[in-house]
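Summary of the model geometry
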Amino acid sequence: MAVILRFRKLCFQEPSPSSCNEHKRQVTKRDGEKMKENCGSEEDGLRRKGVKEWRCVDSCCWMIGLMCTAWWLLLFLHHCMLASLPGAEPPGARLGRQGVAALHPVVLVPGIVTGGLELWEGRPCSDGLFRQRLWAGSFAEIFKRPMCWLEHLSLDNETGLDPAGIRVRASSGLVAADYFAPGYFVWANLIENLARIGYEEKNMHMAAYDWRLSFQNTELRDQTLSRLKSKIELMYVSNGYKKVVVVPHSMGANYFLHFMKWVEAAGGGGRGWCAKHIKSIMNIGPVFLGVPKSVSSILSAESKDVAFLRAMAPGLLDSEIFRLQALEHVMRVSRTWDSLVSLLPKGGEAVWGNLDWSPEEDHVCDWGTRKYQPQLKAKGNETDGRHSFQVQEPAKFGRIVSFSKTVSSPDATTSSKSNASCGKVKTEYDEVSQETIWKISEERAYSADTLLDLLRSVAPKMMKRAEAHFSHGIADNLSDPKYNHYKYWSNPLETELPEAPDMEIYSLYGVGIPTERSYVYKLSPPGKCRSIPLQIDSSADGSQNGCLKGGVYFVDGDESVPVLSAGFMCAKGWKGKTRFNPSGSATYIREYKHIAPANLLHGRGLESGAHVDIMGNVALIEDVLRVAAGASGVELGGDRIYSDIMKLSEKIKIHL
């Protein structure tokens, strides 16, 4: 309640003069004139007393407060539910009774946004927050000092490192990424079940890092890669010279790829280090080849959820009354995070398709019979008076970004001068001319090759800074000395796996959930409080294969990562001895068919295949525990595939 009262002080609406007007009708004209003067004097007095006017940031804070209040209520209800089904035995306890016990040390590598960040040095507005969580905690500072919170989560827009006077660092220990928020587990279930077969902090480690930074900058600023190397060497020696099992999640898979190349080329480990110290790498929900949703995040700070909100509540995000600029704030902060660029699609048109072809061209979204049908029945984006329209053409998934056939004229787009009255939130779009935006929309469609040029034109500072650290192509000749540069190390199509023939590599991911693949965009309608000129056209619906919903084309995946990105490298790119896997390290695909929880008692599901919820999937936990206890991929049963990943991989013709 105290937090709510503090939050209420941020905003104050001027009192309505209705009571004064009512009284005026009951008095004479002369008395009414006096009353009007008195009311005016009262209003002038309020202004002299310093009463705050309603501002853009106040509306934004109220909206965030409403969302967070609903979130806390849901968490409260969640805590009232049973943690697991009555009589259900945790997989760790069951395997422990079967004699499965801790053997190999385990290193957990979190992905983007799931790791905690805490304050070590800040501006005056952050007094009292030393070593307090700014991210992945209670998020209470959103209520108390939202603008200060955003300022401290931002990085320097020129260097990609700390702004002057601010030091935010990754939390340490297993608690760094066990829960994202109270009641919302990430690694907690896996940690608990590992503990049930004998693991503790001497043989289990959370390799936390500042996920906002480029991978090489984590070493430059924090020596994270050096400390991880030392930790693995210590665990190897102190646990009886047992090799380590590494379990990365999401972007952590690419981060560990970067680490392995770094330790051989620059970290002093040499070419045999990985073969000596690493038994298996069990990648959970890996983003090896990137994710299309990173494109929409950079272009317009959107995803299918924002498009869905626009469809269900037309005008809410763009209302001139509420003056919400939440997306502008998100864009301003997130475009300082170089890690976001690491998630862009890799491999170009050879992997993701061109304007007329894609590996998923035969994919059919049978929304009528599948249980995972998304609830995206768009009402249409009526903010500009338009209703939904049906797209009858075949889905062209290779067109990662396309524009609606009907677009506004240049004069109708958002003007950088039109939102000055909103307390304008400055983004990189302020440096892009309207003519440039208009030309972008006239191109109609962008593939994985032309997409990078599009992003360079709308996010020039971000792309220039981040592309010095990341690359998104396919190597022609891996023996070329240029591939010794660290910018290529996190791209599996531009680097080699280490010489470790006995090392096993797993790709563990969920399937059976509609996952974002490409987008239909339009120019944003004009408005005083808009500075993002592009938005997903949530009125676009249909397509012959039923995969277009609310301006987003869907394919099979884990809700965040398409199977193409998660599975291709283990299905084909690294399968056997290839130029990307010269020593022939064994690869395995283990897919987990998504089964949604039947009721609230199931929590987030014991058989979920969703990108984060899969961390509580019983079958996945069992696989990780068995490998940590010494099992091989063959003993697990080899590949387990439900999706079309093998067919998709065969359609991708690249030199191996």
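Just so it is clear, the model here is predicted, and its values are computed rather than measured.

**Topic: the overall build of the protein**
- Within the protein one finds 24 helices and 19 strands.
- Counted over contacts in the protein with a minimum sequence separation of 6, partners at least 24 positions apart contribute 79%.
- Of the roughly 27500 Å² of accessible surface on the protein, a fraction of 55% belongs to carbon and sulfur atoms.

**Points about the side chain of Ser 250**
- As for its placement among the helices and strands, Ser 250 is situated in the loop between β8 (244-248) and α11 (252-265).
- Here His 611 takes part through its side chain, which lies 2.9 Å from a polar atom of the side chain of Ser 250.
- Excluding residues within four positions of it along the chain, Ser 250 makes contact with Gly 111, Ile 284, Gly 285, Pro 286, Val 287 and His 611.

**Describing the pairing of strand β1 (residues 106-109)**
- Side chains Val 106 and Leu 108 of β1 all project onto a buried face; the interleaved residues Val 107 and Val 109 project onto the opposite face, where all are buried too.
- Here 4 bridges tie β1 to β8, and the two strands are oriented parallel to one another. The residue of β8 that forms the bridge with Val 106 is Val 245.
- Where β1 meets strand β7 (residues 204-206), 3 bridges bridge the pair, whose relative direction is parallel. Across the sheet, the residue bridging to Val 106 is Met 204, located in β7.

**Things to note about helix α19 (residues 448-458)**
- Regarding α19, the residues found buried are Ala 448, Leu 451, Leu 452, Leu 454, Leu 455 and Val 458. The arc enclosing the buried residues of α19, seen along the axis, measures out at 160°, which places them on a common side.
- Where α19 is buried, its residues touch α13 (293-300), α17 (348-352), β11 (401-403), α18 (434-442), β12 (445-446) and α20 (460-466).

**Here's the deal with the environment of Ser 649**
- With respect to the helices and strands, the residue Ser 649 is situated in helix α24 (residues 645-651).
- Residue classification places Ser 649 among the buried positions, given a relative accessible area of 1%.
- Each C-alpha atom, one on Ser 649 and one on Lys 572, is 6.3 Å from the other, the two residues being 77 residues apart in sequence.
- Leaving out residues up to four positions away in the same chain, Ser 649 has contacts with Phe 568, Ala 571 and Lys 572.

**Notes on the confidence of the model for the protein**
- The pLDDT averaged across the protein works out to 83; a share of 76% of its residues lies at or above 70.
- For the stretch residues 1-39, pLDDT sits under 50, and the model shows 32 contacts to residues farther than four places along the chain or on other chains.
- Low pLDDT (under 50) marks residues 412-421, which in the prediction has 27 contacts with non-local residues, meaning those over four places away or in another chain.

**Notes on the pattern of salt bridges**
- Under the counting rule described, the total for this entry stands at 29 salt bridges.
- Here Arg 271 makes a salt bridge to Glu 499, at a shortest N to O gap of 3.0 Å. Residue Arg 271 is located in the loop between α11 and α12 (273-277), and its partner Glu 499 is located in the loop between α20 and β13 (504-511); the two are separated by 228 residues in the primary sequence.
- Among the ionic pairs, Glu 516 bridges to Lys 293, the shortest N-O distance being 3.9 Å. Of this pair, Glu 516 sits in strand β14 (residues 513-523) while Lys 293 sits in helix α13, placing them 223 residues apart in sequence.
- With relative accessibility at 2%, the residue Glu 516 sits in the buried group.
- Because the salt bridges share partners, they merge into one network encompassing Asp 162, Arg 169, Asp 210, Arg 212, Arg 221 and Asp 222.

**A closer look at the environment of Pro 562**
- By the element assignment, Pro 562 lies in the loop between β18 (552-557) and α21 (563-573).
- Through-space distance from the C-alpha of Pro 562 to that of Glu 516 is 7.3 Å; in sequence the pair is 46 residues apart.
- In this structure Pro 562 touches Val 291, Pro 292, Trp 352, Thr 515, Glu 516, Val 555, Asp 556 and Gly 557, once residues within four positions along its chain are discounted.

**With respect to the packing of aromatic side chains**
- The final tally for this structure, using the stated rule, is 23 aromatic pairs.
- Lying across the ring of Tyr 429, Arg 335 places its NZ or CZ 5.0 Å from the centre.

**Observations regarding α11**
- Taking 1.5 Å per residue, 14 residues should reach 20 Å; α11 reaches 20 Å between its end C-alpha atoms and fits that length.
- Among the 14 residues that make up α11, 13 are buried, leaving the element largely enclosed by the rest of the structure.

**Some thoughts on the sheet that holds strand β19 (residues 586-593)**
- Spatial ordering of the open sheet is given by β7-β1-β8-β9-β13-β19, a layout of 6 strands whose pairing is parallel. What marks the edges here is a single partner per strand, and that holds for β7 and β19. Sheet twist, expressed as the average angle between the axes of neighbouring strands with direction ignored, equals 15°.
- Its contacts with the sheet place α21 against β13 and β19, and it is angled at close to 155° to β13.

Conventions used here
Within each chain, residues carry numbers counting from 1 in the order of the written sequence. Given that this is a predicted model, residues contribute local features only at a pLDDT of at least 70 and side-chain atom pairs are listed and counted only at 80 or more, while totals for whole chains, interfaces and linings are drawn from all residues. Calculation of side-chain values draws on the structure's entire complement of heavy atoms; hydrogens and water are dropped beforehand. Helix and strand assignments follow DSSP, with helices taken as H or I runs no shorter than four residues and strands as E runs no shorter than two, numbered in order from the N terminus. Contacts are assigned to residue pairs that have any heavy atoms within 4.5 Å of one another. Calculation of accessible area relied on Shrake-Rupley with a 1.4 Å probe; when residues are assessed, cover is drawn exclusively from the protein chains displayed. Here a polar contact means two N or O atoms within 3.5 Å. Within protein one must be a hydrogen donor candidate and the other an acceptor candidate, and residues neighboring in sequence count only if both atoms are side-chain atoms. Relative accessible area decides the class of each residue, using a 1.4 Å probe on protein chains only: under 20% of the type maximum gives buried, over 50% gives exposed, and in between gives partly exposed. We treat two strands as partners when DSSP finds at least two bridges between them. The directions considered for the arc run from the helix axis to the C-beta atoms. The predictor reports its confidence for every residue as pLDDT, a score running from 0 up to 100. We define a salt bridge as a contact between a side-chain nitrogen of Lys or Arg and a carboxyl oxygen of Asp or Glu at a distance within 4 Å. Put simply, two rings from Phe, Tyr or Trp (the six-membered ring, in Trp's case) pair if the centres are within 6.5 Å, and we call them stacked under 30 degrees between planes, edge-to-face over 60, tilted for the rest. Only when the NZ of Lys or the CZ of Arg is both within 6 Å of the ring centre and within 35 degrees of the ring normal is a charge said to sit over the ring. Helix span is expected to be 1.5 Å times the residue number reduced by one. For helices, the fitted axis covers only the stretch in contact; all axes are lines through C-alpha atoms, and the angles between them, taken along N-to-C directions, range from 0 to 180 degrees.

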